[in-house]
Amino acid sequence: MRTKQVNLLITLVAVALFSFSCFCIYRITQTNNQLINCRNHILEFKENMLHLRNKTEKNSQEMMKVLNRMKYEITKREILSRNLVAQKADILNKNETVSNTLEDLKFFFPHLRKEGRIYPDVIIGKGKTGVSFALGISTVNRGNYSYLKQTLTSVVSKMTLSQEKDSVVIVLVADSNEDYLHSVVKMITKKFKRQVRSGSLEVISIPAFLYSSMLNAKHLAEASQKLASWRIKQVLDFCILMLYAQPKAKYYLQLEDDIIAKEMYFTKITDFVGNISSNNWFFIEFSMLGFIGKLFRSEDLTHFVRFFLMFYKEKPIDWLLNDIFQVKVCDTGEDLRNCMKRKKQIRIQYKPSLFQHVGVHSSFPRKEQYEKKI
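Fair warning: this is a prediction, and the values are worked out from it, not measured in the lab.

S.K.: Looking at this model, I keep getting lost on the nonpolar core. Mind explaining?
M.R.: Nonpolar side chains in soluble globular proteins tend to end up buried together. Formed by 51 residues in total, the largest nonpolar core has its most connected members in L105, F296 and F308. When residues of this core are traced back to their parent elements, those giving at least two are β2 (131–139), β3 (167–173), α8 (222–245), β5 (249–256), α10 (301–310), α11 (317–329) and α12 (336–346). Sorting elements by how many residues they give to this core places α8 first, with 11 residues. Membership of the second largest hydrophobic core comes to 42 residues, among which are F192, Y251, L255 and Y265.

S.K.: Just checking my understanding: could you explain a nonpolar patch on the surface for this structure?
M.R.: Where nonpolar side chains cluster on the molecular surface, the patch consists of F45, M49 and L52 and spans about 330 Å² of accessible area. Along the polypeptide, L52 turns up in helix α1 (residues 2–94).

S.K.: Looking at this model, I keep getting lost on the pairing of strand β8 (residues 294–297). Mind explaining?
M.R.: Residues in a regular strand point their side chains to alternate faces of the sheet. A two-sided burial pattern is seen for β8, the buried positions comprising K294 and F296 on one face and L295 and R297 on the other. Two elements, β5 and β8, share four bridges in a ladder whose sense is antiparallel. Residue pairing across strands places Y251 opposite R297, the latter belonging to β8. Sheet topology places strand β7 (residues 283–285) next to β8; three bridges connect them, and they run antiparallel.

S.K.: Mind showing me how you'd approach the packing of helix α4 (residues 148–157) against helix α6 (residues 178–191) here?
M.R.: Two packed helices can be described by the angle between their axes and the distance between those axes. α6 packs onto α4 with a crossing angle of 35 degrees between their chain directions and a minimal axis gap of 11 Å. In this structure, α4 meets α6 at a crossing whose hand is right-handed. Between α4 and α6, the residues in contact are L148, K149, L152 and T153 and Y180, V184, M187, I188 and K191, respectively. Taken together, the residues of the contact of α4 with α6 break down into six nonpolar, one polar and two charged.

Cut-offs and rules
- Residues numbered from 1 in each chain as written.
- Predicted model: local features only at pLDDT ≥ 70, side-chain atom pairs only at ≥ 80, totals over all residues.
- Heavy atoms only, no water.
- Core = buried A, V, L, I, M, F, W, Y, C linked by side-chain atoms within 4.5 Å.
- Buried < 20%, exposed > 50% of the residue type's maximum accessible area, 1.4 Å probe, protein only.
- Helix = DSSP H or I, 4+ residues; strand = E, 2+ residues; numbered from the N terminus.
- Patch = residues over 30% accessible without salt bridge, like charges linked within 9 Å, V, L, I, M, F, W, Y side chains within 5 Å.
- Areas by Shrake-Rupley, 256 points an atom, 1.4 Å probe, with all protein chains shown as cover.
- Salt bridge = Lys/Arg side-chain N within 4 Å of Asp/Glu carboxyl O.
- Pairing = 2+ DSSP bridges.
- Axes fitted to C-alpha atoms, helices over the stretch in contact; angles between N-to-C directions.
- Left-handed = near helix turned anticlockwise from the far one by under 90°.
- Contact = heavy atoms within 4.5 Å.
- Nonpolar A, V, L, I, M, F, W, Y, C, P; charged D, E, K, R; others polar.

See the structure below:
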């Protein structure tokens, strides 16, 4: 009996020891798993931290690139602005007579009398003078639509090298939007390098103070006022461009920024002008549309500009061009047929037109025009 009790006790102790051993093994195993999980969490956290650091460094690098780009653009614009002032002063010092052509503006606009010499900002230009032809193109921002590159390509590519040498194309950026000015300069310096280097292609812009108080049309309704101001500015743009071009060439050809020149247009113009028997002509029309393709003797430009400036608020410039003939050619009470006959002798029309109008989207916002040629 006693032996059985001992054996039972031994068995219970053995079971207890076995159970304890199993519990210890379980706890050790559980602890090991926890350690493994903890290590895995630590490794995962470390990996996330490395990824975050790499991402932060990448973002920092991107930010530095953006900042450097901003600094570059600011510096470039500052250099461009300084160059504009330097070029303007340099040209004024080399050729004092150039600025004198714009002094007429002070007679018509008293607010300009307090200014020094009136002169547009020369963005690209070498002061080329003494050529036979100056071609003037005024351009403004049309939003998403631009025809200027197409127009310039057409105009300069259809000249021979000798014709290019004997001419200067002047692009007037008549827009206060600096981004548009820079886009025009960038396009021209990239696309027309040879013409820029030779001085056969110039870019000018109009200082904002020139237009102060000039564009008033307050007596009209708002919609009409906007249209009137746009037309008024257009007349003034052309006048400034004509005055700037006057000392440069014997003849001045007025173009627009949305036309295509026909093949050999320049040769046809020079041949036609050279073969005119009478020297009594006032201007020649190489396009019947608007103010496109009008050729003037530079010595006559002052007379035209003064007439335009007297009535710049009254009518578009092509209408004023017609009115000047009524004033100069037709006598009071004269038979209209006699007047028209004399008008044809000094207002010469070349046919067919040498310039195709291609612009659909007008420089006036949200206006579309579909006239091509006459």
